[in-house]
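Chain by chain, the residues:
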Amino acid sequence: MTLLPTTTNSAHAPVLLLPPLVLVVAAVKISSLVLRMINSCNSNHCLSSLEMVAGTGIFNFPTRSALHAGRPPCLELRPHPLRETQVGKFLRNIACTDTQLWAGQECGVRFWSFEDVYEAGCGLDGRVRRGDEAAAPFFESGNTSPTMCLIIDSANRLVWSGHKDGKIRSWKMDQHLDDTNSHFKEGLSWQAHKGPVLSIVTSSFGDLWSGGENGIIRIWPWDAMEKSLSLSQEEKHMAALLVERSCIDLRSQVTVNGACSISSSDVKCLVADNVRARIWCAQPLSFTLWDARTKELLKVFNTEGQMENRADLPSVQQQDQPVEDEMKVKFVAPSKKEKSGGFLQRSRNAIMGAADAVRRVATRGAGAFADDAKRTEALVLAIDGMTWSGCPNGLLVQWDGSGNRLQELHHHSSAVQCFCTFGTRIYVGYASGVIQVLDLEGKLISAWVAHSNPVLKMAVGNGYVFSLANHGGIRGWSIASPGPIDRLIRSQDALKAWLGSTASDVGIIVVGLQEVEMGAGFLAMSAAKETVGLEGSAIGQWWLDNIGKALDEGTAFERMGSRQLAGLLISLWVRKNLRKHVGDVDAGAVPCGFGRAIGNKGGVGLRIRVLDRIMCFVNCHLAAHLEAVNRRNADFDHIFRNMSFGRPSNPAAVAGVATASHAIKGTNAASATTEEPKLDLAEADMVVFLGDFNYRLFGISYDEARDLVSQRSFDWLREKDQLRAEMQAGKVFQGMREALIVFPPTYKFARNQPGLGGYDSGEKKRIPAWCDRIIYRDNRSAPVSRMQFRLPCSLISYTVESDHKPVRCKFHVQVAHVDRSVRRQEFGEAVRSDEKVRSILEQLRYVPETTVSTNTIRLQSQDTAILRITNKDVKEKAIFRIVCGGVCTVNEDEDESAYHSRGSYGFPRWLEVTPAAGIIKQDHFVDISVHHEEFHSLEEHFDGIPQNWWCEDTRDKEAMLSVNIHGQ
């Protein structure tokens, strides 16, 4: 079958229409192991008329689409890659320099140059590995331990990264690489923690702070790092040792007689307050505030803002054992007297003891879940000096510089994942994929769906706010969005439709089987295996192997996934030349049998992503018997609401091994929201239900039904169809469609007869019925889909121990897809060529007119001088930040040595600048205190043993302060 591509032009969304995707979906009820496929051919007969569309109800169309109405145009730096291509290389954090975007991944780091962000990707035939074909050109480091965090040191042109192996590594920004195949190497590195480095930050004095597991916070003085950075590559070991010996362990400093003042939970994030020269440390349920200069602990408080006098003792930790310990029941050998109670009495005592332990766990767990909703997930410092924290239930909390809780806001029910700031705007990323823009008061300015997955990290650079999604995609949002720039870019006809290079035969085949294996013993064993995450059987594997042989597996098709629940089995196969566009395979199962726990009835499903569209296929076996209509409706509703697709624990499952994931939907106690959770099936772009639904014909006798079937009077029979009546009443399969049925009923046939050998005329005389059905919905509200739906009785013959006959449905699906690589090029062209867009961007670079009271300040010991910055602009506020461009020594002949910058333009310890950043209102001024301090510090080895007192020499020192001003 040859399929030709078609194109379309749209003023709003340039898309690529791939060749029609042919989905062949089969539903078969099997009771034996004998399958003989004689031949199969495609019928040219196509029925475009649809019989009915049921009421919408729970089947609302998904909000996800190619372009969201409220979503600003974005720079698709790295399109959503298939999950299978990212094993061991997932991106987990990003950070921006002036000219580059850096990303930390599970095997090292990579960076994009802003000069190349509008360039085309290397494509499938380039040297870039699969998954990055459409991404902008980038460079990668050599393999390292997974990267946990990143920060930028612009002063020294370095990027610092913390890793899972406990090391901190440095990377030079100015990497001279011409070949995308060459990997750049790390610079200075040292062992900072025994466990992973969870967060790093540079203080206002250039020191590097790192946080790890168990509340460990360590400081790496800039002086030691500066010396180590000056050493050659051959002295790498000595450089690492020099830094490691300079370590200051803050946890040991605040521990007295075994009692520690800070929490022992893992450090969540570190944030530097350069306005007040402080460091914030956020842990799940508490905060600590430190003086960046003296390294003193200033305050410990919880998420409610209450002060804490914490004293973590070893004995206390032993008393506070994990909840799971409550579940342990100790069995002690009883004495002879105790045995007199008998086996039943001892069993009763053991059961009662276990039940009491469960009650204690539940009581303690309820309080734990309440605390989880308050834990801190992200932290950021705004330009006005206020700090914002985010919680799993979407709560945003504002704190002042002293750690006082000011207000809490709730704009979204999903968990807060990350923050970033630019000027007077605060960007919030949520687990739902939404990005919100707030002002400094916390008022919501705008929001849009940025990704289909959680937003892990955000970073600002080159006029964009870049967001990293959990699936590894990176998008850039203009800092002028939302605004007129969005309308101007959308109106450009530069983003043109793109056509695939060649036409090819593509196809996806989904096969659903019911009653593959039955029997009480098998059902009980299957239910027991499901509880421990195991599924499948030898007979199920036999079916998969034989279906694979029939489809010429390995040459023409590849099995992408399968799922078995007792007698239910679903498998999905993809033609080889379509394989690169199909991935993210997930599986799920929902039992509907006895007590909603046994799999003799229920559903199994597979979810895949084809390009940018999500497709779900659910194989069902619903309640039997003519009168059980309401039970069948309830079974469908239970399957739809509880079908949860889980990621396979074994990557090999994607390549054809049946997945063992059985995800159960439950209440997320950590997310305290009244909003109804989104259902996996409701979020899919296309959903297909297939299987033995067991709906019968009503109000008709066996003989009448046989006569109508023999006359092929299917119109009359359809009026007696239970499923048709229930769908029209909106009681089941709401919002779904079914093609016009033009084949005989599929139930109930005499066994061991090929083809349509005859309906069962036995003692019970079951009325023929269309039990086996295929019903679907897509993401369009109009019934415009073309589909073939036939029972090719003369084409396929089965000899089976079954009283059902199989049905087959063919879907012709056109999937619109944007070529991200071309779109990124045209997006850049639109930004660079449009005069109005450039004018708006120029306005963003406007700098208010400001003056500084003096250019030179001379200080003696303990002197303080006032530096006044005046904003003369009457329309715009001025945002200022003071940094130290470098420190030098002035000789007696007043010759100056070269200036040396500290880490991230930090101040020397003998100089205090307060405030170092802030906002100046229109026609106002701010006074900056510049204070000279003779600073003494205690130098310690990494083991915490004091060695010697030392004093930083401040005589004849000169510091170059830079005042950076920009508008809002």
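Residues numbered from 1 in each chain as written. Predicted model: local features only at pLDDT ≥ 70, side-chain atom pairs only at ≥ 80, totals over all residues. Heavy atoms only, no water.

### A word on the overall build of the protein
Working step 1: Along the backbone of the protein there are 14 helices and 54 strands.
Working step 2: A total of 968 residues make up the protein; the buried ones form 52% of that total.
Working step 3: Sequence separation of 24 or more characterises 66% of the internal contacts of the protein that already satisfy a separation of 6 or more.
Working step 4: As displayed, the protein has an accessible area near 43100 Å², and 51% of this comes from carbon and sulfur atoms. (Helix = DSSP H or I, 4+ residues; strand = E, 2+ residues; numbered from the N terminus. Buried < 20%, exposed > 50% of the residue type's maximum accessible area, 1.4 Å probe, protein only. Contact = heavy atoms within 4.5 Å. Areas by Shrake-Rupley, 256 points an atom, 1.4 Å probe, with all protein chains shown as cover.)

### A few points about helix α9 (residues 629-642)
Working step 1: Look at α9: 20 Å from first C-alpha to last across 14 residues, which is about the 20 Å you get at 1.5 Å a residue.
Working step 2: Listed as buried for α9 are Val-629, Arg-632, Asn-633, Asp-635, Phe-636, His-638, Ile-639 and Phe-640.
Working step 3: In this structure, the buried residues of α9 make contact with β37 (582-591), β38 (602-610), β39 (613-621), β40 (686-692) and α12 (722-728). (Expected span 1.5 Å × (residues − 1).)

### As for the pattern of salt bridges
Working step 1: For the structure on display, the rule yields 39 salt bridges.
Working step 2: The closest approach of N and O atoms between Asp-223 and Arg-909, which form a salt bridge, is 2.7 Å. You can see Asp-223 sitting in helix α1 (residues 222-230) and its partner Arg-909 sitting in the loop between β48 (878-889) and β49 (911-914), a full 686 residues away along the chain.
Working step 3: Residue Lys-268 is joined to Glu-377 by a salt bridge in which the shortest nitrogen-to-oxygen separation is 3.4 Å. Taken together, the residues span a long stretch of sequence, with Lys-268 in the loop between β18 (259-260) and β19 (269-273) and Glu-377 in the loop between α5 (342-372) and β23 (378-381) at a distance of 109 residues.
Working step 4: Under the relative-accessibility criterion, Lys-268 is labelled partly exposed at 35%. (Salt bridge = Lys/Arg side-chain N within 4 Å of Asp/Glu carboxyl O.)

### Focus: the packing of α1 against helix α2 (residues 236-245)
Working step 1: Two elements in contact, α1 and α2, have axes separated by 9 Å at closest approach and are oriented at 180 degrees. In terms of their interaxial angle, α1 and α2 are classed as roughly antiparallel. Contact residues: α1 offers Ala-224, Met-225, Lys-227 and Ser-228, while α2 offers Ala-239, Leu-242 and Val-243.
Working step 2: For the contact of α1 with α2, a count of residues per class yields 5 nonpolar, 1 polar and 1 charged. (Axes fitted to C-alpha atoms, helices over the stretch in contact; angles between N-to-C directions. Parallel < 35°, antiparallel > 145°, perpendicular 65-115°, else oblique. Nonpolar A, V, L, I, M, F, W, Y, C, P; charged D, E, K, R; others polar.)

### Section: the sheet that holds strand β11 (residues 167-172)
Strands in a sheet are paired, the pairing made by backbone hydrogen bonds, and the direction either parallel or antiparallel.
Working step 1: Read across the sheet, 4 strands follow the order β9-β10-β11-β12 without closing on themselves; strand pairing throughout is antiparallel. Lying at the two open borders of the sheet, with one neighbouring strand each, are β9 (147-153) and β12 (189-191). The sheet shows a mean angle of 15 degrees between the axes of neighbouring strands, direction not considered.
Working step 2: Running at roughly 110 degrees to strand β10 (residues 158-163), α1 makes contact with β9, β10, β11 and β12 of the sheet. (Pairing = 2+ DSSP bridges.)

### What about the sheet that holds strand β13 (residues 199-202)?
Working step 1: A sheet is described by the order of its strands in space; here 4 strands give the open sequence β13-β14-β15-β16, paired in antiparallel fashion. Taken across any chain shown, the strands that pair with only one partner, and hence form the sheet edges, are β13 and β16 (248-249).
Working step 2: Inspection of the sheet shows strand β14 (residues 208-211) paired to strand β15 (residues 217-220) by 4 bridges, in the antiparallel sense. In the strand pairing of β15, Trp-209 is matched with Ile-219.

### Observations concerning the pairing of β14
Working step 1: Alternating positions in β14 separate into two faces, Leu-208 and Ser-210 on one and Trp-209 and Gly-211 on the other, with burial throughout.
Working step 2: Taking the residues that link successive antiparallel strands as the turn, the β13-β14 hairpin has 5 residues, and the phi of Gly-206 there is positive, at about 85 degrees.
Working step 3: Counting the residues in the hairpin turn of β14 and β15 gives 5 residues, including Asn-214, whose phi is positive at 60 degrees.

### Some points on helix α8 (residues 538-550)
Think of an α-helix as 3.6 residues a turn; residues three or four steps apart then line up on the same face.
Working step 1: For α8, spanning 13 residues, the distance from its first C-alpha to its last is 19 Å, which sits close to the expected 18 Å at 1.5 Å a residue.
Working step 2: Along its buried surface, α8 packs onto β34 (507-514), β35 (557-565) and β36 (568-575).

### Describing the nonpolar core
Working step 1: Core analysis: the largest hydrophobic core is formed by 46 residues, its most contacted members being Ile-508, Leu-572, Ile-608 and Leu-717.
Working step 2: Apart from the residues lying within four places of it in its own chain, the contact partners of Leu-717 are Leu-697, Ile-700, Ala-705, Leu-708, Val-709, Pro-745 and Trp-770. (Core = buried A, V, L, I, M, F, W, Y, C linked by side-chain atoms within 4.5 Å.)

### Digging into the packing of aromatic side chains
Working step 1: This structure, assessed with the given rule, holds 26 aromatic pairs.
Working step 2: Relative to Phe-184, the ring of Trp-102 has its centre 5.7 Å away and its plane inclined at 70 degrees; by these criteria the two rings are edge-to-face. Of the two residues, Trp-102 is situated in strand β6 (residues 100-105) and Phe-184 in the loop between β11 and β12; the sequence distance between them amounts to 82 residues.
Working step 3: Taking the centre distance of 5.4 Å and the plane angle of 50 degrees together, the rings of Phe-301 and Trp-399 count as tilted. Taken together, the residues span a long stretch of sequence, with Phe-301 in strand β22 (residues 297-302) and Trp-399 in strand β25 (residues 395-399) at a distance of 98 residues.
Working step 4: For Trp-399, a relative accessible area of 0% puts it in the buried group.
Working step 5: One Lys or Arg, Arg-110, reaches over the ring of Phe-138 and ends 4.0 Å from the middle of that ring.
Working step 6: The side chain of Lys-299 reaches across the aromatic face of Phe-301, ending 5.0 Å from its centre. (Phe/Tyr/Trp six-rings, centres within 6.5 Å; stacked < 30°, edge-to-face > 60°. Lys NZ or Arg CZ within 6 Å of the ring centre and 35° of its normal.)

### What about the state of the cysteines?
Working step 1: Counted by the stated rule, this structure contains 0 disulfides.
Working step 2: Cys-418 forms no disulfide, and the closest cysteine sulfur to it belongs to Cys-420, at a distance of 7.3 Å.
Working step 3: The class of Cys-418 is buried, set by a relative accessible area of 3%.
Working step 4: The thiol of Cys-888 is not disulfide-bonded; the next cysteine sulfur, from Cys-884, is found 9.7 Å away. (Disulfide = S-S within 2.5 Å.)

### Side note on the environment of Thr-255
Working step 1: As for its placement among the helices and strands, Thr-255 is situated in strand β17 (residues 255-256).
Working step 2: The exposure class assigned to Thr-255 is partly exposed, which follows from its relative accessible area of 30%.

### Concerning the pairing of strand β31 (residues 455-461)
Walk down a regular strand and you will see the side chains alternate between the two sheet faces.
Working step 1: Burial within β31 is extensive, with 5 of its 7 residues counted as buried.
Working step 2: With 6 bridges joining them, β31 and strand β32 (residues 464-469) adopt antiparallel strand pairing. Residue pairing for β32: Lys-457 is matched across the bridge by Leu-468.
Working step 3: Between the antiparallel neighbours β31 and β32 lie 2 residues, among them Asn-462 with a positive phi of about 60 degrees.

### Examining the environment of Ile-262
Working step 1: Within the secondary structure layout, Ile-262 lies in the loop between β18 and β19.
Working step 2: Sequence separation of Ile-262 and Glu-308 is 46 residues, and the distance between their C-alpha atoms is 8.9 Å.

### Things to note about the confidence of the model for the protein
Working step 1: Confidence in the prediction for the protein averages 78 pLDDT; 74% of positions are at 70 or higher.
Working step 2: Segment residues 1-20 is flagged for pLDDT under 50; beyond a separation of four residues in sequence, or across chains, it makes 57 contacts in the model.
Working step 3: Below a pLDDT of 50 lies the segment residues 784-799, which in the model reaches 60 contacts outside its immediate sequence neighbourhood of four places, other chains included. (pLDDT = per-residue confidence, 0-100.)

### Quick notes on the packing of helix α13 (residues 820-833) against helix α14 (residues 835-844)
Working step 1: Two numbers describe how α13 lies on α14: the axes approach to 5 Å, and their chain directions differ by 75 degrees. In terms of orientation, α13 lies roughly perpendicular with respect to α14. Judged by residue contacts, Val-831, Arg-832 and Ser-833 of α13 engage Glu-835, Val-837, Arg-838 and Leu-841 from α14.
Working step 2: When the residues that make up the contact of α13 with α14 are grouped by side-chain class, the tally is 3 nonpolar, 1 polar and 3 charged.

### Notes on unusual backbone geometry
Working step 1: In the segment running from Ser-481 into Pro-482, the intervening peptide bond is cis, with an omega of -5 degrees.
Working step 2: Along the chain, Pro-482 falls in the loop between β33 (474-478) and α6 (484-490).
Working step 3: Geometrically, the link from Tyr-747 to Lys-748 is a cis peptide bond, its omega value of 5 degrees lying close to zero.
Working step 4: Checked against the element boundaries, Lys-748 lands in the loop between β41 (737-739) and β42 (772-777).

### A few points about the side chain of Asp-584
Working step 1: Tracing the backbone shows Asp-584 in strand β37.
Working step 2: A residue is classified by how much of its surface remains accessible, and Asp-584, at 12% relative accessible area, is buried.
Working step 3: Of the polar contacts made by the side chain of Asp-584, one reaches the side chain of His-80; its length is 3.4 Å.
Working step 4: Here Arg-609 takes part through its side chain, which lies 3.0 Å from a polar atom of the side chain of Asp-584.
Working step 5: Those residues within four positions of Asp-584 in sequence are excluded, and the remaining contacts are His-80, Leu-82, Arg-83, Glu-84, Arg-607, Ile-608 and Arg-609. (Polar contact = N/O pair within 3.5 Å; in protein donor to acceptor, adjacent residues only side chain to side chain.)

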